[in-house]
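Each chain, written out:
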Amino acid sequence: MLPLSVTGVVPHRRGRVTDSTSDEILMAAYQAGNQDAFGELFARYAGRVYGFLVRRLGDVAVAEDLHQEAFLRLHRARDSYNPERPFRAWLFAIVHNLVNDSLRSRRRAPVAELLDADQSAHSEGHINLEGRINHQSPERIFAARESARALSRAVSALPSDEATVLVLARFEGLSYDEIGSVIGRSATAAKQLAYRALKRVRSELVATGHGEACR
């Protein structure tokens, strides 16, 4: 996790930070130096960012390394944030670019272990198997985990923008307007990418005998 002290921001209390304060107001407050605002944003998004990184990279160790870097990038880019832009789209654009930088530096496709190792992260979504694992027989647990691994490999094999769109649409619940903002495309283009990505993932899962993993 990212200690608040690493930001180097001197705590500045101007206005009360509450659970009901919007992300956009919190980020504007953080721009003004309110470290409590950053703490609330971190609490809201640390798990979601980690989950996104695991799903996109398929590598828990790399995701853990990049998790802190994501919030350091947020800190460095804080002055560029426009409060009229949805905060979560702005944040995931930072994380999306971080993933692309990481993949380029590694110069190889990620090894997929996407959902199986992500039980502690924000993992609700339409392509989520973990909710079906509890209280089942060892055979069913094994089968579900094998399906999760197959799903991981299928998502990790997608082109970068397609993988990001699919994860954000299916797991994070972002609108296509927000997703388009993340990847620098229109909402229509983002929707088309999501459809194409889901079709490819389903086709791959059916081919490998795991068609039930993606509903």
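Preceding block: the structure.
A brief look at the structure comes next. Here the structure is a predicted model, which means the values were calculated and not measured. (Residues numbered from 1 in each chain as written. Predicted model: local features only at pLDDT ≥ 70, side-chain atom pairs only at ≥ 80, totals over all residues. Heavy atoms only, no water.)

### Let's talk about helix α4 (residues 87-106)
For step 1, the next point in the chain: Helix length check: α4, at 20 residues, gives a terminal C-alpha distance of 29 Å against a target of 28 Å (1.5 Å per residue), a fit within 8%.
For step 2, the next point in the chain: Counting buried residues along α4, 15 of its 20 residues qualify, which places the element largely inside the surrounding structure. (Helix = DSSP H or I, 4+ residues; strand = E, 2+ residues; numbered from the N terminus. Expected span 1.5 Å × (residues − 1). Buried < 20%, exposed > 50% of the residue type's maximum accessible area, 1.4 Å probe, protein only.)

### Some remarks on the nonpolar core
For step 1, the next point in the chain: Residues F71, L74 and F87 are the most contacted members of the largest nonpolar core, which totals 56 residues.
For step 2, the next point in the chain: Those elements that place two or more of their residues in this core are α1 (23-31), α2 (35-57), α3 (60-76), α4, α5 (138-156), α6 (160-172), α7 (176-183) and α8 (187-207).
For step 3, the next point in the chain: Element by element, the count of residues in this core is highest for α2, at twelve residues. (Core = buried A, V, L, I, M, F, W, Y, C linked by side-chain atoms within 4.5 Å.)

### Details of the packing of α2 against α4
For step 1, the next point in the chain: Two elements in contact, α2 and α4, have axes separated by 11 Å at closest approach and are oriented at 35°. Pair α2 / α4 crosses with right-handed handedness. Mapping the contact onto sequence places L41, Y45, R48, V49, F52, L53, R56 and L57 in α2 and F87, R88, L91, F92, V95, H96, V99, N100, S102, L103 and R106 in α4.
For step 2, the next point in the chain: Partitioned by chemical class, the residues of the contact of α2 with α4 number twelve nonpolar, three polar and four charged. (Axes fitted to C-alpha atoms, helices over the stretch in contact; angles between N-to-C directions. Left-handed = near helix turned anticlockwise from the far one by under 90°. Contact = heavy atoms within 4.5 Å. Nonpolar A, V, L, I, M, F, W, Y, C, P; charged D, E, K, R; others polar.)

### Some points on the environment of G173
For step 1, the next point in the chain: As for its position among the elements, G173 is in the loop between α6 and α7.
For step 2, the next point in the chain: Ignoring anything within four residues of it in the chain, the contact list for G173 reads R88 and L168.

### Details of the packing of α3 against α4
For step 1, the next point in the chain: It is at 10 Å that the axes of α3 and α4 come closest, and there the two elements cross at 130°. Considered as vectors, α3 and α4 are oriented oblique to each other. You can see that α3 and α4 cross each other, and the crossing is right-handed. In this structure, α3 contributes V62, L66, E69, A70, R73 and L74 to the contact, and α4 contributes F87, W90, L91, I94, V95, N97, L98, D101, S102 and R106. (Parallel < 35°, antiparallel > 145°, perpendicular 65-115°, else oblique.)

### Topic: the packing of aromatic side chains
For step 1, the next point in the chain: Applying the stated criterion across every chain yields a total of nine aromatic pairs.
For step 2, the next point in the chain: Ring centres of F87 and W90 lie 6.0 Å apart, and the angle between their planes is 45°; on these two criteria the pair is classed as tilted. One end of the pair is F87 and the other is W90, both in helix α4 and three residues apart, which spans about a single turn.
For step 3, the next point in the chain: Here the aromatic cluster, defined as three or more aromatic residues joined through ring pairs, consists of Y30, F38, F42 and F71. (Phe/Tyr/Trp six-rings, centres within 6.5 Å; stacked < 30°, edge-to-face > 60°.)

### Brief notes about the pattern of salt bridges
For step 1, the next point in the chain: Summed over all chains, the structure comprises eleven salt bridges.
For step 2, the next point in the chain: Between R44 and D23 there is a salt bridge, with its nearest N and O atoms 2.6 Å apart. One end of the pair, R44, is in helix α2; the other, D23, is in helix α1, with 21 residues separating them in the sequence.
For step 3, the next point in the chain: Exposure remark for R44: the relative accessible area of 23% places this residue in the partly exposed category.
For step 4, the next point in the chain: On the basis of relative accessibility, which here comes to 15%, the residue D23 falls in the buried class.
For step 5, the next point in the chain: As a salt-bridge pair, R48 and E172 come within 2.7 Å of each other at their nearest N and O atoms. With a gap of 124 residues between them, R48 in helix α2 and E172 in helix α6 connect regions that are remote in the sequence. Each member of the pair, R48 as well as E172, is classed as buried.
For step 6, the next point in the chain: Shared partners join several salt bridges into a network, and the residues in it are E69, R73, R76, D101 and R104. (Salt bridge = Lys/Arg side-chain N within 4 Å of Asp/Glu carboxyl O.)

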